[in-house]
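Here is what each chain is made of, one letter per residue.
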Amino acid sequence: MAELKRIKTALISVYHKDGLDEILDELNAHGVKFLSTGGTQKFIQQQGYACDAVENLTGYPSILGGRVKTLHPKVFGGILTRRDNEGDRAQIAQYEIPEIDLVIVDLYPFEATVASGASEADIIEKIDIGGISLIRGAAKNFNDVAIVASKGQYGLLLEMLRGHGDAVTTLAERRLLAREAFGVSSAYDSHIFNYFDSDDRSALRLPIDGRKSLRYGENPHQRGYYYGDFDRMFTQLHGKEISYNNLLDIDAAINLIGDFTEPTFVIMKHNNACGLATRATLVEAFRAALAGDPVSAFGGVHVTNRPVDLATAEEMNKVFIEVCIAPGYSDEALEVLKQKKNRVILVMKDVELPKTTCRTVFNGALLQERDTHVETPEELRQVTTEAVTEAQTRDLLMANIIVKHSKSNAIVLVKDQMLVGSGVGQTSRVDALKQAIEKARSFGHDLLSSVMASDAFFPFGDCVQIAHEAGVTAVIQPGGSVRDQESIDYCNAHGVAMVMTGIRHFKH
């Protein structure tokens with residue numbers, strides 16, 4: 001079998017025509033004949049090239065409102081015939097079937113039609129039949145046929161043709177095109193399945209394209225990859241290549257900052273907030289966030305929900321920052337932040353996050369709805385005789401957001417709209433509380449009149465006692481323990497206010 005295969009006839013049937021003209025120019029320059037249908041045929045002819053109609057080959061017009069155009073033995077026989085198989089060659093000669101050496105298709109935009117909110121009738125009509133069949137047929141016969149399955153692969157084909165200086169492809173190139181084609185078809189079918197499966201979740205199909213090789217995984221001895229469209233979420237303005245661990249921290253950071261509306265600055269380390277504050281100005285928010293834990297802030301991911309100005313950038317530049325994320329930067333701020341050549345500077349785009357989260361476990365995967373619930377003052381149930389004040393309520397709601405995004409078991413201490421201490425990832429709630437108190441004290445934070453949030457209920461009354469003795473005057477927790485009354489009784493006896501939300505925020 002000769003490795004180089006000449007393209008003599010190309011079947012082209014695409015939905016999107018942009019970018020097709022360059023391929024037509026290249027193919028025509030090498031004497032390739034064109035075969036097409038409908039709008040694509042008209043487009044090719046408008047470019048000044050001869051193009052045979054599929055209808056003339058098959059003897060049948062496009063029927064059923066365009067649902068059936070290329071589904072015919074004279075089309076698929078020309079694609080699937082094995083050039084080195086005597087039986088195949090005899091049959092295509094008998095039935096006068098021309099060989100087709102290149103197939104270019106671009107499927108109906110099913111996913112975009114669903115996203116547009118179109119009617120089910122319109123969505124169903126965007127399920128491509130002929131195109132997906134052409135992809136599978138041509139990809140299966142990659143030994144002899146080249147397949148381009150989307151406009152995203154036009155550049156790849158052009159590179160191959162121009163590299164050879166002729167309308168030929170190698171076996172390795174055709175196999176690569178076939179791999180890309182099956183990637184397109186599998187993702188397309190997954191989107192269709194997910195539409196019909198809806199909320200049943202009878203099987204997991206994740207059509208995620210775009211692989212990016214990372215320097216390594218979580219550790220240097222592990223290989224790592226990112227699958228997805230990072231550029232849809234962010235624009236990187238400066239800095240080194242983003243690492244596996246950077247991506248985990250960035251994900252945690254944007255999920256946390258997304259729950260705040262007031263000017264807020266967050267400093268993340270190993271997926272947990274080590275600094276966070278809300279203030280009237282961004283520079284004040286940054287200073288307060290940094291003061292929460294200036295040690296852990298070293299090498300962290302810094303994120304804010306406001307454009308970074310010069311004053312804030314000058315303060316940030318005094319700290320070693322791995323990644324900074326904001327909705328924008330002033331020109332002066334960028335000039336300052338770019339002084340560190342490896343510092344990653346990202347602009348966060350206004351893109352809605354997926355409604356679900358997924359992670360692997362042993363031989364399967366866990367899928368769940370994203371925890372998007374943010375408690376409001378109206379949802380807080382007062383369970384103690386001491387009522388929370390308006391200022392305490394603001395701090396309690398902030399603490400509850402932070403603890404929701406912290407690794408369990410988690411306790412968060414907040415005072416005056418600033419994170420002053422947290423204990424995360426502990427095997428007991430008491431240990432988490434003690435860690436939070438110790439961290440706060442180690443940085444000189446006065447816990448008198450601070451508030452405490454817990455991601456889950458207190459199994460005993462010991463946590464509220466320890467917190468009260470450290471200076472905490474108000475507590476927020478889900479409640480739900482059979483021994484809730486122990487905590488309530490202690491609070492009532494010592495003038496501590498407590499509210500319950502009824503919603504647990506575990507994060508593992």
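Residues numbered from 1 in each chain as written. Predicted model: local features only at pLDDT ≥ 70, side-chain atom pairs only at ≥ 80, totals over all residues. Heavy atoms only, no water.

Draft legend 1. Structural detail: the overall build of the protein. When its secondary structure is counted, the protein shows 19 helices and 23 strands. For the protein, the spread of C-alpha atoms along the principal axes amounts to about 95 × 50 × 40 Å. Taken over 508 residues, the protein has a buried fraction of 50%. The long-range share in the protein, meaning contacts at least 24 apart out of those at least 6 apart in sequence, stands at 56%. If you sum the accessible surface of the protein, you get close to 24,700 Å²; carbon and sulfur atoms cover 50% of it. Charge centroids of the protein, computed over 53 positive and 67 negative side chains, lie 5 Å from each other. (Helix = DSSP H or I, 4+ residues; strand = E, 2+ residues; numbered from the N terminus. Buried < 20%, exposed > 50% of the residue type's maximum accessible area, 1.4 Å probe, protein only. Contact = heavy atoms within 4.5 Å. Areas by Shrake-Rupley, 256 points an atom, 1.4 Å probe, with all protein chains shown as cover. Lys, Arg positive; Asp, Glu negative; His and termini not counted. Charge placed at Lys NZ, Arg CZ, Asp CG, Glu CD.)

Draft legend 2. Expanded view of the state of the cysteines. Taken as a whole and judged by the stated rule, the model has zero disulfides. No disulfide involves Cys 463; its sulfur sits 11 Å from the nearest other cysteine sulfur, which is in Cys 491. (Disulfide = S-S within 2.5 Å.)

Draft legend 3. Spotlight on the packing of aromatic side chains. A full pass over the atoms with the stated rule returns nine aromatic pairs. Seen from their ring centres, Phe 298 and Phe 320 are 4.8 Å apart, and the 55° between their planes marks the pair as tilted. Linking Phe 298 in the loop between helix 13 (282–292) and strand 13 (300–304) with Phe 320 in the loop between helix 14 (310–316) and strand 14 (321–326), this pair joins segments that are 22 residues apart in sequence. With a relative accessible area of 52%, Phe 298 lands in the exposed category. Taken together, the aromatic side chains of Phe 110, Tyr 188, Tyr 195 and Phe 196 make up a single cluster linked through ring pairs. Over the ring of Phe 193 we find Arg 205, and its NZ or CZ is 5.3 Å from the ring centre. (Phe/Tyr/Trp six-rings, centres within 6.5 Å; stacked < 30°, edge-to-face > 60°. Lys NZ or Arg CZ within 6 Å of the ring centre and 35° of its normal.)

Draft legend 4. Looking closely at a nonpolar patch on the surface. Together, Leu 204, Leu 206, Ile 208, Tyr 225, Tyr 227 and Leu 367 make up a nonpolar patch on the protein surface, roughly 530 Å² of accessible area in all. Structurally, Leu 206 can be placed in the loop between helix 10 (171–197) and strand 8 (211–213). (Patch = residues over 30% accessible without salt bridge, like charges linked within 9 Å, V, L, I, M, F, W, Y side chains within 5 Å. Salt bridge = Lys/Arg side-chain N within 4 Å of Asp/Glu carboxyl O.)

Draft legend 5. View of the sheet that holds strand 18 (residues 381–382). Spatially, the six strands line up as an open sheet ordered 18-23-22-21-19-20, and their pairing is mixed. Of all the strands in the sheet, just strand 18 and strand 20 (419–423) have a single pairing partner and so form its edges. Where strand 22 (residues 472–477) lies against strand 23 (residues 497–500), four bridges are found, and the strand directions are parallel. Bridge assignment links Ala 474 to a residue of strand 23, and that residue is Ala 497. (Pairing = 2+ DSSP bridges.)

Draft legend 6. Structural context of the side chain of Ser 406. Turning to its location among the elements, Ser 406 is positioned in the loop between helix 16 (390–404) and strand 19 (411–414). A relative accessible area of 1% places Ser 406 in the buried class. Among all residues touching Ser 406, those that are not within four sequence positions of it are Asn 272, Val 412, Val 424 and Lys 507.

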